[in-house]
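Survey of secondary and tertiary structure
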Amino acid sequence: MKAAVWYQARDVRVEDVPSAPPGPGEVAITVAYCGICGSDLHEYADGPHAIPVGEPHPESGRRAPLTLGHEFSGTVAEVGPGVEGFSPGDRVAVEPHYRCGDCARCRAGEYNLCDHFGFAGLMGDGGLAERAVVPSYMLHRLPDNVSLEQAAVFEPAAVALHAIRRSGLVPGESVAVVGLGPIGLLIVQLAARYGAGRVVASDPSEKRRDLAVRLGATEAVGVGALPSGDADVAFEAVGTEGTLRDSLAATRRGGRVVLAGLGGTFAFDAFALVNNEQSIIGTVGYRDVHPELIRLAAEEGMDFTPIVTSTVPLADVVAGGFETLLGAGSKEEIKVLVRP
């Protein structure tokens, strides 16, 4: 089968790899769509960051070279020994978190904080391939009225919904969203759905600001134009020191800032943070949100696909996907789906 295999930074090859059968507790999926995530871009541009290159990941048993892609959906092709509840032909969304089930955080139900934290497609083989094999606990069956394209966007939507839950958003509270990439835009859409009284979104791109308004933002402004000290909750969805400072400045005294972007080491005014009694909240991945996203799509008709700007074949994943998102096309593209 064909797969997009990461060897090292700037070296992703679409090549033939063996199509392994599912082992005990595993399911083989014919992949329909797989999104390219910001994490994938980081790995392609200057990785490895999360991809194991020395010791194999303890849950997947894999290390580089491995198949990228963790935002995917597809159809069950084959089930391994001991798998119950899934049959060939089932349409599924993949929740790609690995979990051991035995550590303290897993036993507490916080499987996104598992001691063996990881994702299929980063710490194990993923969905940028014609076929993927994953543990059956990663699968969510789809109702007939939820498309496989929609299901491929559930993974970034899960990141957004988990961030909102982490924020403790109360209906009627005001929200600022700093950065309108896929996660920021989905935070806008879901914050509006869950009752935010005002959603102000900030981004340098007019195209992304316009889309934010279509998705439910009350107002969309350029960089540096957020109302000062106004938001009950700010979501930093870029991952830079400057956007963290902007988020803190946009948040009222006693407010909360949720870090949803992938950043490094930041400096900020801790004295002001203490005096303003603000909280900085981390969020990673998601847990127990996919059933709610499926319900929103199936029963309320919520559509998460407006963030999708292009769909490319697997053979074009490097030039039409990674290179486009990192290059001149980055101003036009938001979410690129790959259709193996």
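Our subject in this report is the structure included herewith.

About the thresholds
- Residues numbered from 1 in each chain as written.
- Predicted model: local features only at pLDDT ≥ 70, side-chain atom pairs only at ≥ 80, totals over all residues.
- Heavy atoms only, no water.
- Helix = DSSP H or I, 4+ residues; strand = E, 2+ residues; numbered from the N terminus.
- Rg over C-alpha atoms; globule rule 2.2 N^0.38 Å.
- Buried < 20%, exposed > 50% of the residue type's maximum accessible area, 1.4 Å probe, protein only.
- Contact = heavy atoms within 4.5 Å.
- Lys, Arg positive; Asp, Glu negative; His and termini not counted.
- Charge placed at Lys NZ, Arg CZ, Asp CG, Glu CD.
- Axes fitted to C-alpha atoms, helices over the stretch in contact; angles between N-to-C directions.
- Parallel < 35°, antiparallel > 145°, perpendicular 65-115°, else oblique.
- Left-handed = near helix turned anticlockwise from the far one by under 90°.
- Nonpolar A, V, L, I, M, F, W, Y, C, P; charged D, E, K, R; others polar.
- Salt bridge = Lys/Arg side-chain N within 4 Å of Asp/Glu carboxyl O.
- Pairing = 2+ DSSP bridges.

Take the overall build of the protein next. Within the protein, the regular secondary structure consists of 10 helices and 16 strands. Expected size for 340 residues packed as a compact globule is a radius of gyration near 20 Å; at 20 Å, the protein falls within 12% of this value. C-alpha atoms of the protein, sized along the principal axes, occupy 55 × 40 × 40 Å. A total of 340 residues make up the protein; the buried ones form 53% of that total. When contacts within the protein are restricted to residue pairs at least 6 apart in sequence, those whose partners lie at least 24 apart make up 71%. Taken together, the 28 basic and 43 acidic charged side chains of the protein have centroids lying 2 Å from each other.

Before going further, it helps to examine the packing of helix H4 (residues 154-167) against helix H5 (residues 182-193). Orientation of H4 relative to H5, taken along the N-to-C sense of each, is 55°, at an axis distance of 8 Å. On the basis of the axis angle, H4 is oblique to H5. Our pair here, H4 against H5, has a crossing hand that is right-handed. Contacts from Pro156, Ala157, Val159, Ala160, Leu161, Ala163 and Ile164 of H4 reach H5 at Ile183, Leu186, Ile187, Leu190 and Ala191. Looking at the contact of H4 with H5 residue by residue, the classes come out as 12 nonpolar, no polar and no charged.

The subject of this paragraph is unusual backbone geometry. The omega torsion of the bond from glycine 47 to proline 48 falls at 10°, within 30 degrees of zero and hence cis. Relative to the assigned elements, proline 48 resides in the loop between helix H1 (38-46) and strand S4 (66-67). Note the cis peptide between alanine 64 and proline 65, where omega equals 0°. Positionally, proline 65 belongs in the loop between H1 and S4. For arginine 10, which is not glycine, the phi torsion reads 65° and is therefore positive. With respect to the element layout, arginine 10 can be found in the loop between strand S1 (2-8) and strand S2 (11-16). The backbone of aspartate 288 shows a phi angle near 55°, a positive value even though the residue is not glycine. With respect to the helices, strands and loops of the structure, aspartate 288 is situated in the loop between strand S14 (279-282) and helix H9 (290-299).

In this structure the tally under the stated criterion is 19 salt bridges. The residue glutamate 71 makes a salt bridge to lysine 335 at a minimum N-O spacing of 2.8 Å. Of this pair, glutamate 71 sits in strand S5 (residues 71-79) while lysine 335 sits in strand S16 (residues 335-339), placing them 264 residues apart in sequence. Both residues of the pair, glutamate 71 and lysine 335, count as buried. Between arginine 252 and aspartate 232 there is a salt bridge; the shortest N-O distance is 2.5 Å. Here aspartate 232 lies in strand S12 (residues 231-236) and arginine 252 lies in strand S13 (residues 251-259), a separation of 20 residues in the sequence. Of the residues examined, arginine 252 reaches a relative accessible area of 26% and is grouped as partly exposed. A residue is classified by how much of its surface remains accessible, and aspartate 232, at 15% relative accessible area, is buried. Look at the salt bridges and you will find they share partners, linking Arg193, Glu292, Arg295, Glu299 and Glu300 into a network.

Turning to the side chain of arginine 99, a few remarks are in order. Mapped onto the elements, arginine 99 comes out in the loop between strand S6 (91-94) and helix H2 (104-107). Apart from the residues within four sequence positions on either side, arginine 99 is in contact with Glu59, Cys106, Tyr111, Cys114 and Tyr137.

Another aspect to go through is the sheet that holds S12. Across the sheet, which stays open at both edges, the six strands sit in the order S11-S10-S9-S12-S13-S14 with parallel pairing between neighbours. Because the sheet does not close on itself, it has two edges, and the strands there are strand S11 (219-221) and S14. Adjacent strand axes in the sheet meet at a mean angle of 20° when their direction is disregarded. The sheet contact formed by strand S10 (residues 198-202) and S11 spans three bridges and is parallel. The residue bridging valine 200 from the neighbouring strand is glutamate 219, located in S11. The sheet strands contacting H4 are S12, S13 and S14, and the helix crosses S12 at an angle near 145°.

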